[in-house]
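A closer look at the structure
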There are 2 protein chains.
Amino acid sequence: MDQIRNGWFSEISNLWPGQCFSLKVKEVLYKDKSDFQDIMVFESTNNGTTLVLDGIIQCTQKDEFSYQEMITFIPLCAHPKPEKVLIVGGGDGGVAREVHKHPLVKKFVQVEIDEKVVTASKKYLPFLAKGYNSPKLTLNICDGFEFMKNHKNEFDVIITDSSDPIGPAANLFTESYFRLLKDALKPNGIICSQGGSVWSDLNQIKQTINSCKKHFSTVRFATSSVPSYPDGHIGYVVATLDENLDLTKPSFKFSEKQIEELELKYYNDEIHAAAFVLPNFVKNVLYK
Amino acid sequence: MDQIRNGWFSEISNLWPGQCFSLKVKEVLYKDKSDFQDIMVFESTNNGTTLVLDGIIQCTQKDEFSYQEMITFIPLCAHPKPEKVLIVGGGDGGVAREVHKHPLVKKFVQVEIDEKVVTASKKYLPFLAKGYNSPKLTLNICDGFEFMKNHKNEFDVIITDSSDPIGPAANLFTESYFRLLKDALKPNGIICSQGGSVWSDLNQIKQTINSCKKHFSTVRFATSSVPSYPDGHIGYVVATLDENLDLTKPSFKFSEKQIEELELKYYNDEIHAAAFVLPNFVKNVLYK
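Residues numbered from 1 in each chain as written. Chains lettered and ligands numbered in written order. Predicted model: local features only at pLDDT ≥ 70, side-chain atom pairs only at ≥ 80, totals over all residues. Heavy atoms only, no water.

**What about the relation of the copies chain A and chain B?**
Superposition of chain A onto chain B requires a rotation of 180 degrees combined with a translation of 0.0 Å along the rotation axis, giving an RMSD of 0.0 Å. Seen this way, the second copy is the image of the first under a two-fold rotation axis. Among all residues of chain A, the minimum C-alpha distance to the rotation axis is found for A:Gly232, at 2.0 Å. A high fraction, 100%, of the interface residues of chain A reappear at the interface in chain B, so the copies pair face to face through one surface. (Least-squares fit on C-alpha atoms with pLDDT ≥ 70 in both. Contact = heavy atoms within 4.5 Å.)

**Considerations on the pairing of strand β12 (residues 218-225) of chain B**
Residue and element names in this part refer to chain B. Most of β12 sits inside the fold, with seven of its eight residues counted as buried. With eight bridges connecting them, β12 and strand β13 (residues 233-240) associate as antiparallel partners. Across the sheet, residue Ala 222 finds its bridge partner in β13, namely Tyr 236. (Buried < 20%, exposed > 50% of the residue type's maximum accessible area, 1.4 Å probe, protein only. Helix = DSSP H or I, 4+ residues; strand = E, 2+ residues; numbered from the N terminus. Pairing = 2+ DSSP bridges.)

**A word on the UniProt feature "active site" (unreviewed entry) in chain A**
Residue and element names in this part refer to chain A. Here, UniProt's "active site" (unreviewed entry) annotation points to Asp 161. Secondary-structure assignment places Asp 161 in strand β10 (residues 155-161). For Asp 161, the residues in contact, after removing those within four places along its chain, are Tyr 67, Gln 68, Ile 71, Val 88, Gly 89, Gly 90 and Val 95. A distance of 2.6 Å separates polar atoms of two side chains, one belonging to Asp 161 and the other to Tyr 67. (UniProt positions renumbered as here; feature names shortened; annotations may be inferred. Polar contact = N/O pair within 3.5 Å; in protein donor to acceptor, adjacent residues only side chain to side chain.)

**Some words on the pattern of salt bridges**
This model, assessed by the stated rule, comprises 30 salt bridges over all chains. The partner of B:Lys106 in a salt bridge is B:Glu83, with the nearest N and O atoms 3.5 Å apart. Separated by 23 residues along the polypeptide, B:Lys106 in the loop between α2 (94-101) and β8 (107-112) and B:Glu83 in the loop between α1 (64-78) and β7 (84-89) bring together distant segments of the chain. Taking the relative accessible area as the measure of exposure, B:Lys106 reaches 57% and is therefore exposed. B:Glu83 gets classed as partly exposed once you look at its relative accessible area, which sits at 22%. Through salt bridges with shared partners, one network takes in A:Glu64, A:Arg97, A:Glu98 and A:Lys101. (Salt bridge = Lys/Arg side-chain N within 4 Å of Asp/Glu carboxyl O.)

**Description of unusual backbone geometry**
If a residue is not glycine, its phi is most likely negative; likewise, a peptide bond is most likely trans. At B:Asp54, a residue that is not glycine, the phi angle is positive and equals roughly 45 degrees. Of note, B:Asp54 is situated in the loop between β5 (49-53) and β6 (56-60).

**Observations concerning the interface of chain A and chain B**
Taken together, the contacts link 41 residues of chain A with 41 residues of chain B. Note on chain A versus chain B: buried area summed over both sides is about 3,200 Å², and carbon and sulfur give 55% of it. Summed over the three residues of chain A that lose the most area to chain B, namely A:Gly18, A:Trp199 and A:Asn280, the buried surface amounts to 21% of that side. For the pair chain A and chain B, the interface holds two salt bridges. With a shortest N-O distance of 4.0 Å, B:Glu256 and A:Lys288 are connected by a salt bridge. For the side of chain A that touches chain B, the elements supplying multiple residues, two or more each, are β3 (19-33), α1 (64-78), α8 (256-261), α9 (269-274) and α10 (280-286) of chain A. (Buried area = accessible area lost by both parts, 1.4 Å probe.)

**Some thoughts on the environment of A:Val28**
All names here are of chain A. With respect to the helices, strands and loops of the structure, Val 28 is situated in strand β3. Along the sequence, Val 28 and Thr 50 sit 22 residues apart, while their C-alpha atoms lie 9.5 Å from each other. Those residues in contact with Val 28 that sit more than four places away from it in its chain are Ile 4, Met 40, Val 41 and Phe 42.

**Focus: the packing of aromatic side chains**
How two aromatic rings sit relative to each other is given by the distance of their centres and the angle of their planes. Per the counting criterion, the structure on display carries 28 aromatic pairs over all chains. On the basis of an interplanar angle of 80 degrees and a centroid distance of 6.1 Å, the ring pair of B:Phe254 and B:Tyr267 is categorised as edge-to-face. With B:Phe254 in the loop between β13 and α8 (256-261) and B:Tyr267 in the loop between α8 and α9 (269-275), this residue pair connects regions lying 13 residues apart in the sequence. A relative accessible area of 6% places B:Phe254 in the buried class. In this structure B:Tyr267 comes out as buried when scored by relative accessible area, which is 0%. An aromatic cluster is present here, built from A:Phe73, A:Phe252, A:Phe254 and A:Tyr267 joined pairwise through their rings. Just above the ring of A:Tyr132 sits the side chain of A:Lys122; from NZ or CZ to the centre is 5.3 Å. (Phe/Tyr/Trp six-rings, centres within 6.5 Å; stacked < 30°, edge-to-face > 60°. Lys NZ or Arg CZ within 6 Å of the ring centre and 35° of its normal.)

Put into structure tokens, the structure is as follows:
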């Protein structure tokens, strides 16, 4: 189906039947098919440059900071010493941009399976791809599963910045993936994965959390507001091997000066804690 | 413009240019034009029955509880003794449904300008309109402005459940309205008004808060997730005449048993506090 009609891009998907978010298109900047997925970048009339993979919006320039900052700083700031970090996915570079900002991170590795996303982002989404300029970063174009099989007991934090659980990212929500994450982590490590919408995917989230719980003693769920994602928000599955760590309380707090200098537009230590507070209909399914 | 095309209702508005939320329509149940606005009720394929006023979604059966519970229980639970409550607007009956649940409320009054909304809701949206069955409620079909001119120093809490600041609700965001609210409140009273989206309306919210501040010593802003509202969330302007009251801390807390028996699907005392925690880009505009 052609997703651009009469100048509007419409995100119709079986993942959220009967509802649809649309953005007005100014100009399509890039359109290609990689070995893994369809890639499109367009300039929208009011939300800036927008990245679409397999017909689903990955980020718009207007609101991407909410997702990038929250998926990064929730696990990084919950960890007392996040010196070495792994990013799985995140081909646009936005998570790398945020990981680079954390003062305690000494080096980080990113594994992205689709080089064409990286190349497109560098050309069309420089506000995200500037993450690739970090001298602390090693970028590997390869499969995250394969990479982690050869990297055990190595990372303090692993962030999985994936698309939704269909297509190339489907494996990143399974028990075997959480097993690999556990083995690639150092003791007391923390993981954070994109977790879907409580309004459309609550049963899927419950399954993901149950898969995660088989390997992690503490699993929590957080959310943030991202208007261009389905239901206008997104969840994060956060887990740790450290039974004594309270993931909802940041170990590291950015000062007001750091928030300004590092251009943190969404994350602060109060929002870290508040993100874990869930409505009753979500708590009842996920935690009872 | 016809907002239903090829079986989809699309919410296009100048209030959020370049973006649009759509719902798939199963059947249009009601369509009429009152003295104040266009009214439509349709059954959607996946989000239940939906009320639309002047082309803008007011509530869908799937997610309305987030808005109704939060706009009601934030002010009611922040107040130590909310015995008498006024609802301005709220023609669908959803806020009345929630106000009725609060154990400390002895009586409440609702003033709605458009009787046709009340009638349509009673017929097509009984899950909302059941609020009208409350023996504690007196419903007046009249203009909220006129009503408050004749009711001074009378209410502990006033909830303004309005549509967006265009059309019949435009006056409900002005300084003169906040003046009327102040005069209709008892000392130490609390108000809560629908406040728009931080992603699309931040300057409008800032103006509303500034208008409110001219008459209220303490003004705060909270949000909750509502997927069918623009940007998937909505804000609440909450204010009090009591300088010593912390609006972010509930004076009254529902027990787990009450939450279950009263069917609170969204609100709890933790989410009350968390709703006031704002991202940096919002704090910087509203509070600096």
